[in-house]
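Coordinate analysis (summary)
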Amino acid sequence: MIDRVTVQSGRYHDSVRLMQASQALRNTDGVSEALVAMGTELNLSLLTDLRFDESEFSSAGPNDLIVAIRAVDEAALGALDQVLDDALTAGKYDTGAGDLPPPHVIETAAQSIGANFALISIPGRFAFVEAMEAVRAGLHVMVFSDNVSLNHEVLLKEEAVKRDLLVMGPDCGTSIIGGIGLGFANAVQPGTVSVVGASGTGIQQITCLLDDAGIGIRHAWGTGSRDLSEAVGASSTLRALAALDADPGTEIIVVVSKPPAPSVAAAMREAAARCSTPVVVAFMGPGSTLEGATNEVISRVGAPPNVYSAWPSRDSEHRPGSLRGFYSGGTLRDEARFIIEPVIGPVSLTETADGHALVDYGDDEYTEGRAHPMIDQTVRLERLNAAVADRSIGVILLDVVLGYGANPDPAMELAPVIRSLAGAGVAVISSLCGSSGDPQGFEYQANQLHKAGAAVYLSNAAAATRAGNLIGGGL
Amino acid sequence: MSLERLIDDELIVATVGVEILQQALVDQAVTSVVADWRPPTAGTEDALATLAERGITHAANELAIARMLAVRPQLVDVASARDVIPGMTETTFLHAGPPLTWERASGPIRGALIGALIYEGIASAADEAEEICRRGDITLSPCHHHQTVGPMAGIVSPSMPVAVVRDAGGDGVAYSTLNEGLGKVLRYGAFGPAVIDRLQWMEKVLGPVVAATLHQVGAVDLQALISQALQMGDDGHNRNRAATSLLLRSLGTGLIENNTVPVADRKEVFQFIDGNDHFMLNLLMAAGKLAVDAASDVPGSSLVTTMARNGTDFGVRLSGTGDQWFTAPAPIVDGLFLGAFTADDANPDIGDSAITETVGLGGFAMAASPAIVGFVGGTATGAIRRTLEMYEITLAEHPAYQIPQLEFRGTPVGIDATKVVRTGVQPQINTGIAHKDPGVGMVGAGLVEAPMDCFAKAVIALAATAT
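Residues numbered from 1 in each chain as written. Chains lettered and ligands numbered in written order. Predicted model: local features only at pLDDT ≥ 70, side-chain atom pairs only at ≥ 80, totals over all residues.

**Some remarks on the domain arrangement of chain A**
All names here are of chain A. Looking at chain A, the domain boundaries give domain 1 (2-88), domain 2 (106-300) and domain 3 (310-473). The partner domain 3 presents 29 residues to the 25 residues of domain 2 that form the contact. Sorting the residues of the side of domain 2 that touches domain 3 by element identifies β8 (180-183), α9 (200-212) and α12 (290-300) as the ones contributing at least two each. With eight residues, α9 is the largest single contributor of residues to the side of domain 2 that touches domain 3. The class makeup of the residues in the side of domain 2 that touches domain 3 is nine nonpolar, 11 polar and five charged. (Domains from an automatic or database assignment. Contact = placed C-beta atoms within 7 Å. Helix = DSSP H or I, 4+ residues; strand = E, 2+ residues; numbered from the N terminus. Nonpolar A, V, L, I, M, F, W, Y, C, P; charged D, E, K, R; others polar.)

Following this line, the structure appears as structure tokens:
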């Protein structure tokens, strides 16, 4: 048996709580005797009776807290600090004051429920401070917000490395973590394929195409649209890849990104080659499509080739005019461009009065001060309505993205203008990125768009190919 | 959790921002919470980003708050201000709050200065005293610059007896005047004959008797008294009845046994302390001053080390910005008024007593004090909410000061100025209200919120420090 006696002056607790604390210590394994008490004469005499060493507490007075413990060994003593702390300080409580005041910043919100993850979607110029606080509070962070400076992105990711945390973003639209969709994510079936992507809609398209083929997803981690830039150096993508490679539940990994910086692309390919898990690399570019990458995954897992869901239009007639694309997903727009340009020549990537154009309405330029077009289609609807009377337009290509976080019924909003466009002789082609589990209802959305007069394709590459052919192939 | 554990652990998600994204988590039955986020105080955005980039604030604050909480205040003596307060001269008059000139001084400060000049025998009447002040014949200096704090006007003149509070765990020392009681008293700007007589008696009798008693009973552990008082219904600012009672018990034996002092004087001293529920306030403020001085001058720290008002300006200082004051106009106190007085009689907020809120008492311990909930809408639950709100802007929970109503949770302590500007939650202060005219005195008590502008300026200055 060994004794430990400590005296802390100026710490006061009422005698009832001290009795409870003494009891809690005595009930702990390895403790034979314990007294937690203020140093009153009575308590000092109790300690003497218990044969604790008087020299240890003889100087204590009524304002001093004495903790005297007799235990079997040092190890038993060591475990008692926590027991004592718990006994003397607050547990969960009901104040009777109704709802507690709401937390206002990320770290106190996290603390209130013991969070391990932060999702940040406040305006970009404020997002860095909250994200950094979240990292410093030990949370993995997904920064959905865009308009965060590159310098701040680098700092966030450096801080995350120091703490073995993952920063997804800024401008990370989509993640699926253990079946939970964060940001814009589709309710795809669980499985053994994991995706790492610096592209939100790229992840959504691949996971939905796989879902259509009956193949499920384990993780899909977004890393932010600039992660594969020279400055960021794929910090989060490389770390996510390594973590997923070590995951026994992941049987194949897909890396998807908009065109990366060349040096970073090389580093990524090297890292992919070092993985013990098979890795399919899908860097967007001419000749490389999300559907193609998905097909490679399907063949790697030994599944039969899939015919992706589509609701094509019956005829190819359309009024003369050029192709205009109205996209909400950046990667989907880029994919369409890489497919269409070889067929019909260069297209404008910004709004234009004549000629072919493919515009991403999810770009910073159109989102400052308003919600993303996957949520709020106002700008896109306004442009589509104007297109009805715009005789320079013959073919319209657009994307509709379903899933958590997205507009609850995009087809309902789009159907009237599609009807008008079709009525005016415009060919409307829509890619529809979604899965049968999505809250908006995949089939329902497809049918609404199709009934209004659009040709609908799950695969954006298929939609783009069709649009290109209508213009360039004269079909 | 580590990156490896992101693979298998259950997600628990805190969110700020777009509501639809949080709703999606709720729809997926994920444990989640959304912060009631608002943009930071206008003008602080870049400063907050700079501090986040630099990343030293957290460690600096940990150091500063540890120093603040390590202080062990002991009441050891009462001595003459001229003998103990650093920088005190025969023409030095200390005042509450940030630096101030006679020209900008409010009624209660002017009244208290007039009273102090008469008390010191420098002036014989009010107009003479005013003339002396106007000519600048005396030196005005903030108490806070002299290891001293004073409630309300906070005037300290050379002959006044001051409490000496020492840190048992270090070498710090702090001073405060002795509390005169309520009503027509110097610190509320009154200076009539009764006020001056009382000050004379405090100098000749109260100070020496308390000093002799302390020499007999030994140092009084103020932290222990305050801890107990919170569990007996004090907040440590607007209610000090329990703490004063406990102090009197501590002094009792010494007071009875001290044969060197005439028994009539001892009886008067006993009756004076017994009849003044706020006698402990000044001592508790000195204990607070000891704590904030210990926490000062930690480079990069956003810990608030001073909140003090001079009746004209409200001033804030941070650990990381040294002696620099960040001021805004002193606000009007929202309160309850004595007798026929109304809000029109009230002077703007005044006094160093917000030191109590700076160290986790007063408004920050409101939940402990159901007896004074009249100041917060009259309900005990309102008092609890007030205190709970303060946890978000503070760095720690006080290890000794506990609130029974919150299951003995420590009081929120150590205001982080960056949290104030990020959350928009202003520190709340329980306080007395002085009449705006010199010579009148106390008119009420109530609640006031520290002006956001002080904290915004402080955070901007902290970000501009070179470290």
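**Section: helix α15 (residues 452-464) of chain B**
Residue and element names in this part refer to chain B. When the terminal C-alpha atoms of α15 are compared, their 19 Å separation across 13 residues agrees well with the 18 Å that a helix rising 1.5 Å per residue should span. Taken together, the buried positions of α15 are occupied by C454, F455, A456, K457, A458, V459, L462 and A463. Contact partners of the buried residues in α15: α2 (45-54), β11 (313-318), β12 (326-329) and α14 (417-423). (Expected span 1.5 Å × (residues − 1). Buried ≥ 20, exposed ≤ 12 C-beta atoms within 10 Å, placed from the backbone.)

**Concerning the interface of chain A and chain B**
Contacts between chain A and chain B engage 63 residues on the former and 57 residues on the latter. In terms of residues, the side of chain A that touches chain B owes the most to one element, helix α7 (residues 124-136) of chain A, which gives seven residues. Residue classes in the side of chain A that touches chain B are distributed as 34 nonpolar, 20 polar and nine charged. One ladder, built from four bridges, connects strand β4 (residues 117-120) of chain A with strand β1 (residues 12-16) of chain B; its direction is parallel. Across the sheet, L119 of chain A pairs through a bridge with T15 of chain B, a residue of β1 of chain B. (Pairing = 2+ DSSP bridges.)

**Overview of helix α13 (residues 330-344) of chain A**
All names here are of chain A. With 15 residues, α13 extends 20 Å between its outermost C-alpha atoms, agreeing within 8% with the 21 Å of an ideal straight helix rising 1.5 Å per residue. Within α13, the axis deviates most sharply at F338, by approximately 25°, and proline P342 lies no more than four positions further along. Here α13 has its buried residues at G330, T331, L332, R333, D334, E335, A336, R337, I339 and I340. Just downstream of α13, G345 is the residue with a positive phi angle, here 90°. (Bend = angle between axes of the 7 residues up to and from the residue.)

**Quick look at the domain arrangement of chain B**
Note on interface size: it is often stated as the accessible area lost on association of the parts. Each assigned domain of chain B is listed here: domain 1 (1-37), domain 2 (59-67 + 296-464) and domain 3 (73-286). Between domain 1 of chain B and domain 3 of chain B, the C-alpha centre-to-centre distance is 54 Å.

**Quick look at the environment of L397 of chain A**
Of note, L397 of chain A is situated in strand β16 (residues 393-401). In this structure, the C-alpha to C-alpha distance between L397 of chain A and E443 of chain A, residues 46 residues apart in sequence, is 20 Å.

**Details of unusual backbone geometry**
Residues and elements named next belong to chain A. Between G169 and P170 the backbone carries a cis peptide bond, its omega angle lying at 0°. Secondary-structure assignment places P170 in the loop between β6 (167-168) and β7 (174-177). Phi is positive for A234, close to 60°, though the residue is something other than glycine. A count of 27 C-beta atoms within 10 Å places A234 in the buried class.

**Section: the pairing of strand β10 (residues 304-310) of chain B**
Residues and elements named next belong to chain B. The element β10 is extensively covered by neighbouring structure, given that seven of its seven residues are classed as buried. Taking the residues that link successive antiparallel strands as the turn, the β10-β11 hairpin has two residues, and the phi of G311 there is positive, at about 90°. Where β10 and strand β14 (residues 350-351) come together, two bridges link them in antiparallel fashion. Looking at the pairing, R309 lines up with G351 of β14.

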